[in-house]
Amino acid sequence: MSFARRALRHRSFAIGSVLVMLLLATAALSLLWTPHAATEIDVPNKLLLPNASHWLGTDSLGRDIVSLLIVGSRNAIAAGLIAVGIGLGAGVAAGLLAAARRGWVDELLMRAADFTFAFPALLTAIMLTAIHGPGLVTSVVAIGIFNIPVFARITRAAALGVWARDYVLASRACGKGAWYITIAHVLPNIASVLIVQATIQFAVAILAEAALSYLGLGTQPPEPSWGRMLNEAQTMIFQAPQLAIYPGLAIALSVLGLNLMGDGLRDLLDPKLSRTR
Amino acid sequence: MPGSVISLFLLKRFAAFIATLLAASLVIFAVLALLPGTVVEVMLGETASPEAVVALTHKLGLDQPAWQRYLHWVGGLLSGDMGMSVAYDTPVRELIAERLAVTVPLALMAMALTTLLALGFGLYAASRHNQLGDVGVMAASQLGIAVPSFWLAILLILLFSVKLHWFSAGGFPGWDEGIAQGLKALVLPTVALAVVQAAILARITRSAVLEVLREDFVRTARARGLSRRAVLWRHVLRNAMIPVLTVMGLQFASLLTGTVVVEKVFTLPGVGLLVFQAIANRDIVVVQNVVMLMAATVIAINFIVDLLYVAIDPRLKAGAA
């Protein structure tokens, strides 16, 4: 069966892809059009219930909820892209190096990875915020740093498996160097593992960015973000409880989509890797 | 199995544990305290008079060389002296101790509820493998993983505080008001934390149990006439605990993070709220010590998990040689 047909028949991959497409389409749409200007304050029309002009109503400053949600998707995607980019860039390089060199280089890099695990994104974000002040960059860098050991470990483990294969031995017997083998054999063979992990870490990054923005350590006003919308909604929880629903739903659906897609990809790209079911 | 091999393994692990703690203290010191100008500028703002800068620099001991300040800080940590909070003018140790009385019970209750939910649902799903119950638990856990704990916390407030008026929407009466009142204030935060954590752990438990169920020794035990239930408790669970424990150790960091976030949602006066107030007050000394405390807790938990492996898995005892 072709990959495309298998993908269409894989239920969680199909559902996940639809949700992820929706997220990407929303972000793309935000660049062209929103029902209202997302940052436009209109106090006389504050806390409106859903109506024909404001489909999900307005917040405590009269801003249109739908527009805020649409523009907020950009933040989520930016957080995911940058945090996964940092993790992939530094982590994969470290993992490949550890697997190719072994010995003390391996030991040193893996101890460093273990060490970085002691600093969850929140701790790094707290330290960076205390010195540099809050912002999307601060929070996303903190999440990215925590991604580095995640990718380093998974890369090393997968790369060691490739290094033990016969065709690598053959390649070495032909006089190919570690550098060539890493690029020509190891990287292509571990790509599927990395793609799956990148999808999952993208979801983790969206969750973490939302949490940091909720705490005031991430995206700053007036830039719309789902996490901060929830923070503002909580202050209005007795007057306008509906405001606390939508941003959370947007976060949960995005994360669910990415996780389902990641699980599906794992099955589709490498049946041997698929978890017990 | 000679005991000396195990003690050598434990000694090595302990040395690594201490080295990691030292490295963490160096990184935190480098980020937060090494730039003397920055700390004072951050605390006083850019408009501070030169005299005020000099006075604060001296008060914080920032006019001393960096290595001396580092040794002073670490030496203080070892003797339980974390310095003075600039904003509160109180010893940092007292501030943290006061806040731990909220954070530690919350984290422990959340961990206990997480374990209970995860083992229960994980075992149930594994025993109903590929049946309706299994599919239902897995679908629910997929949702649980996607829901941010702070959003779940807000939803719980919406339902149980705003609509039903069963719990207050936040705040903490203090343990002086009676244990029952204190615990009641921690119920919703505990649930918000545990549901999200348990969703991940239940999946791990399920796949670990399914994995062990396929092992030869399980079939042998069944062939020896042991009942399904006896095999499950005596053989399967113990072996399945190894991956479950690994993930629990890894999850502890996210539990700690989650606790900080959930404290903010429910305005619980724990360590998390302390650190946010400290950031707002530009109280770097408090930030530095709280971050160190949290990093040290994560490192210590990972060390304990390593020790537990040895206790649970006899094969690792042999492998330690």
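Residues numbered from 1 in each chain as written. Chains lettered and ligands numbered in written order. Predicted model: local features only at pLDDT ≥ 70, side-chain atom pairs only at ≥ 80, totals over all residues.

## Structural notes on the overall build of chain A
The number of helices and strands found in chain A is 10 helices and 0 strands. In chain A, the order of α-helices and β-strands from amino to carboxyl end is α-α-α-α-α-α-α-α-α-α. Based on the C-alpha atoms only, the size of chain A along its principal axes is roughly 75 × 50 × 35 Å. For chain A, with 277 residues in total, the buried portion stands at 47%. Contacts in chain A between residues far apart in sequence, at least 24 positions, make up 70% of those at least 6 positions apart. (Helix = DSSP H or I, 4+ residues; strand = E, 2+ residues; numbered from the N terminus. Buried ≥ 20, exposed ≤ 12 C-beta atoms within 10 Å, placed from the backbone. Contact = placed C-beta atoms within 7 Å.)

## Here we look at the overall build of chain B
Across its full length, chain B carries 13 helices and 0 strands. Dimensions along the principal axes, computed over C-alpha positions, put chain B at roughly 85 × 60 × 35 Å. Out of the 321 residues in chain B, the part that is buried amounts to 36%. Taking the contacts inside chain B whose residues are at least 6 apart along the sequence as the reference set, 71% of them involve residues at least 24 apart.

## Regarding unusual backbone geometry
Residue Pro222 of chain A follows Pro221 of chain A across a cis peptide bond; omega there is 5°. When you line up the elements, Pro222 of chain A lands in the loop between helix H8 (178-215) and helix H9 (226-235). Phi at Leu47 of chain A is positive, roughly 50°, even though this residue is not glycine. Relative to the elements of secondary structure, Leu47 of chain A occurs in the loop between helix H2 (11-32) and helix H3 (65-101). Despite not being glycine, His165 of chain B has its phi angle at roughly 60°, a positive value. Mapped onto the fold, His165 of chain B is located in the loop between helix H7 (149-163) and helix H8 (179-213).

## Here's the deal with the confidence of the model for chain B
All names here are of chain B. The share of residues in chain B with pLDDT of 70 or more is 94%, and the mean pLDDT across the chain is 86. For chain B, per-element mean pLDDT is lowest for helix H13 (residues 314-319), which scores 56, and highest for H7, which scores 93. Both scores are available for the predicted complex, with the pTM at 0.89 and the ipTM at 0.89. (pLDDT = per-residue confidence, 0-100.)

## Structural notes on the packing of helix H6 (residues 136-163) of chain A against H8 of chain A
Residues and elements named next belong to chain A. Remark: H6 packs on H8, axes separated minimally by 9 Å, with the N-to-C direction vectors making an angle of 155°. In terms of orientation, H6 and H8 fall into the roughly antiparallel class. The handedness of the crossing between H6 and H8 is right-handed. In this structure, H6 contributes Ser139, Val140, Ile143, Asn147, Val150, Phe151, Ile154, Thr155, Ala158, Ala159, Val162 and Trp163 to the contact, and H8 contributes His185, Val186, Asn189, Ile190, Val193, Leu194, Gln197, Gln201, Ala205, Ala208, Glu209 and Leu212. (Axes fitted to C-alpha atoms, helices over the stretch in contact; angles between N-to-C directions. Parallel < 35°, antiparallel > 145°, perpendicular 65-115°, else oblique. Left-handed = near helix turned anticlockwise from the far one by under 90°.)

## Brief notes about the domain arrangement of chain B
Segmenting chain B into domains produces domain 1 (3-79) and domain 2 (93-281). Distance from the C-alpha centre of domain 1 of chain B to the C-alpha centre of domain 2 of chain B: 34 Å. (Domains from an automatic or database assignment.)

## A closer look at the interface of chain A and chain B
On the chain B side, the residues contacting the 32 residues of chain A number 40 residues. When its residues are assigned to classes, the side of chain A that touches chain B shows 26 nonpolar, 5 polar and 1 charged. (Nonpolar A, V, L, I, M, F, W, Y, C, P; charged D, E, K, R; others polar.)

## Some words on the packing of helix H5 (residues 92-127) of chain B against helix H10 (residues 228-265) of chain B
Residue and element names in this part refer to chain B. In contact at an axis separation of 10 Å, H5 and H10 are set at 120° when each is read in the N-to-C sense. When the axes of H5 and H10 are compared, the pair comes out oblique. Along this stretch, H5 crosses H10, giving a crossing that reads as right-handed. Residue-level inspection shows Thr103, Leu106, Ala107, Ala110 and Met111 of H5 in contact with H10, the latter providing Leu255, Leu256, Thr259 and Glu263.

## Details of the nonpolar core
Ile126 and Ile206 of chain A together with Phe150, Ala153, Val287, Val291 and Ala295 of chain B are the most contacted members of the largest nonpolar core, which totals 162 residues. Each of two domains, domain 1 (3-79) and domain 2 (93-281) of chain B, supplies a minimum of three residues to this core. If we skip the residues at most four places from it in the chain, Ala295 of chain B touches Ala118, Phe119 and Leu123 of chain A together with Ala24 and Ile28 of chain B. (Core = buried A, V, L, I, M, F, W, Y, C linked by C-beta atoms within 7 Å.)

## Things to note about H2 of chain A
Residues and elements named next belong to chain A. An ideal rise of 1.5 Å per residue puts 32 Å on 22 residues; H2 measures up with 32 Å between its terminal C-alpha atoms. Looking at H2, one finds that the buried residues are Ser12, Phe13, Gly16, Leu19, Val20 and Leu23. Buried residues along H2 cover an arc of 140° about the axis, so they all sit on one side. More than 90 degrees from the buried face of H2, the exposed residues found are Arg11, Met21, Ala25, Ala28 and Leu32. Tucked inside the fold, the buried residues of H2 contact helix H1 (3-9), H3 and helix H10 (246-269). (Expected span 1.5 Å × (residues − 1). Arc of directions from axis to C-beta.)

## Brief notes about the confidence of the model for chain A
Confidence in the prediction of chain A, expressed as mean pLDDT, is 90, and 97% of residues score 70 or more. Within chain A, H3 of chain A carries the highest mean pLDDT (94), whereas H1 of chain A carries the lowest (82).

## Quick notes on H8 of chain A
Residues and elements named next belong to chain A. Under the 1.5 Å per step criterion, the end-to-end length of H8 is only 46 Å for 38 residues, more than 12% shorter than the ideal 56 Å. Most pronounced at Ala191, the bend in H8 amounts to some 45°. Directly beyond the C-terminal end of H8, a positive phi value near 90° is found at Gly216. (Bend = angle between axes of the 7 residues up to and from the residue.)

## Re the environment of Arg63 of chain A
Here Arg63 of chain A lies in the loop between H2 and H3. Judged by the 24 C-beta atoms lying within 10 Å of it, Arg63 of chain A falls in the buried class.

## Some words on the environment of Leu56 of chain B
All names here are of chain B. Mapped onto the fold, Leu56 is located in helix H3 (residues 50-59). Leu56 sits in the partly exposed class, given 17 other C-beta atoms within 10 Å. Those residues in contact with Leu56, other than ones at most four positions away along the chain, are Val40, Met43 and Leu44.

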